Amino acid sequence: MKDNTRFLELLSQRPSATAAAKDYLLCAYLLDKNLDAFVTVLPRCHEVNDNLPLHYKEALILYNRLHTTPAITYKNSVIETNLNDFLHYGMQYTHATERSNQCRRMYGNTYWWYYYYQKPSE
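Heads up: these notes are all about the structure in this document.

### Side note on the packing of helix 4 (residues 54–66) against helix 5 (residues 77–90)
Geometrically, a packed helix pair is captured by the angle between its two axes and the distance between the axes. Between helix 4 and helix 5, the least distance of the axes is 10 Å, while the angle of their chain directions is 70 degrees. Comparing their axes, helix 5 and helix 4 come out roughly perpendicular. Crossing hand, helix 4 versus helix 5: right-handed. Contact with helix 4, carried on its side by Leu54, Lys57, Glu58, Ile61, Leu62 and Arg65, involves Ile79, Glu80, Leu83, Asn84 and Leu87 of helix 5 and no other residues of that element. Looking at the contact of helix 4 with helix 5 residue by residue, the class counts come to 6 nonpolar, 1 polar and 4 charged.

Put into structure tokens, the structure is as follows:
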């Protein structure tokens, strides 16, 4: 776990923690690609419904896809279809660099592209 994420965890546990501090923590989990921690904290900060920010919903759909018994079940047929399209689109390319570049062109603004193709920062 990165020091920044640990700091945000401590900050968000304070009684005076703002909604923004909690969202920073959720975003840190997404940047760390830690979907399990994201799903653990999300219900404490937001109602899990279609009013969530888009990347939160994309992360939830991906989380549900990756877990056979998810802690949170979230359904959104449009986002699920887009995730299926993303996964099938990537399968058209055998070379990893080409796959990443082509998927970035079509889906670079999604959490899925970040999750699968963005290398972690040091």
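From this point, the discussion proceeds with the structure in view.
### With respect to the nonpolar core
Core analysis: the largest hydrophobic core is formed by 32 residues, its most contacted members being Phe38 and Leu60. Dropping the residues within four chain positions of it, Phe38 is found in contact with Leu26, Tyr29, Leu30, Tyr56, Ala59 and Leu60.

### Details of the packing of aromatic side chains
How two aromatic rings sit relative to each other is set out by the distance from centre to centre and by the angle between their planes. A complete count under the given rule lists 11 aromatic pairs for this structure. Between Tyr89 and Tyr93 the ring centres are 5.7 Å apart and the planes differ by 65 degrees, which places this aromatic pair in the edge-to-face class. The burial state of Tyr89 is the same as that of Tyr93; both residues are buried. Clustering of aromatic rings is evident, with ring pairs tying together Phe86, Tyr89, Tyr93, Tyr107, Tyr111, Trp112, Trp113, Tyr114, Tyr115, Tyr116 and Tyr117.

Definitions and limits used
- Residues numbered from 1 in each chain as written.
- Predicted model: local features only at pLDDT ≥ 70, side-chain atom pairs only at ≥ 80, totals over all residues.
- Heavy atoms only, no water.
- Axes fitted to C-alpha atoms, helices over the stretch in contact; angles between N-to-C directions.
- Helix = DSSP H or I, 4+ residues; strand = E, 2+ residues; numbered from the N terminus.
- Parallel < 35°, antiparallel > 145°, perpendicular 65-115°, else oblique.
- Left-handed = near helix turned anticlockwise from the far one by under 90°.
- Contact = heavy atoms within 4.5 Å.
- Nonpolar A, V, L, I, M, F, W, Y, C, P; charged D, E, K, R; others polar.
- Core = buried A, V, L, I, M, F, W, Y, C linked by side-chain atoms within 4.5 Å.
- Buried < 20%, exposed > 50% of the residue type's maximum accessible area, 1.4 Å probe, protein only.
- Phe/Tyr/Trp six-rings, centres within 6.5 Å; stacked < 30°, edge-to-face > 60°.

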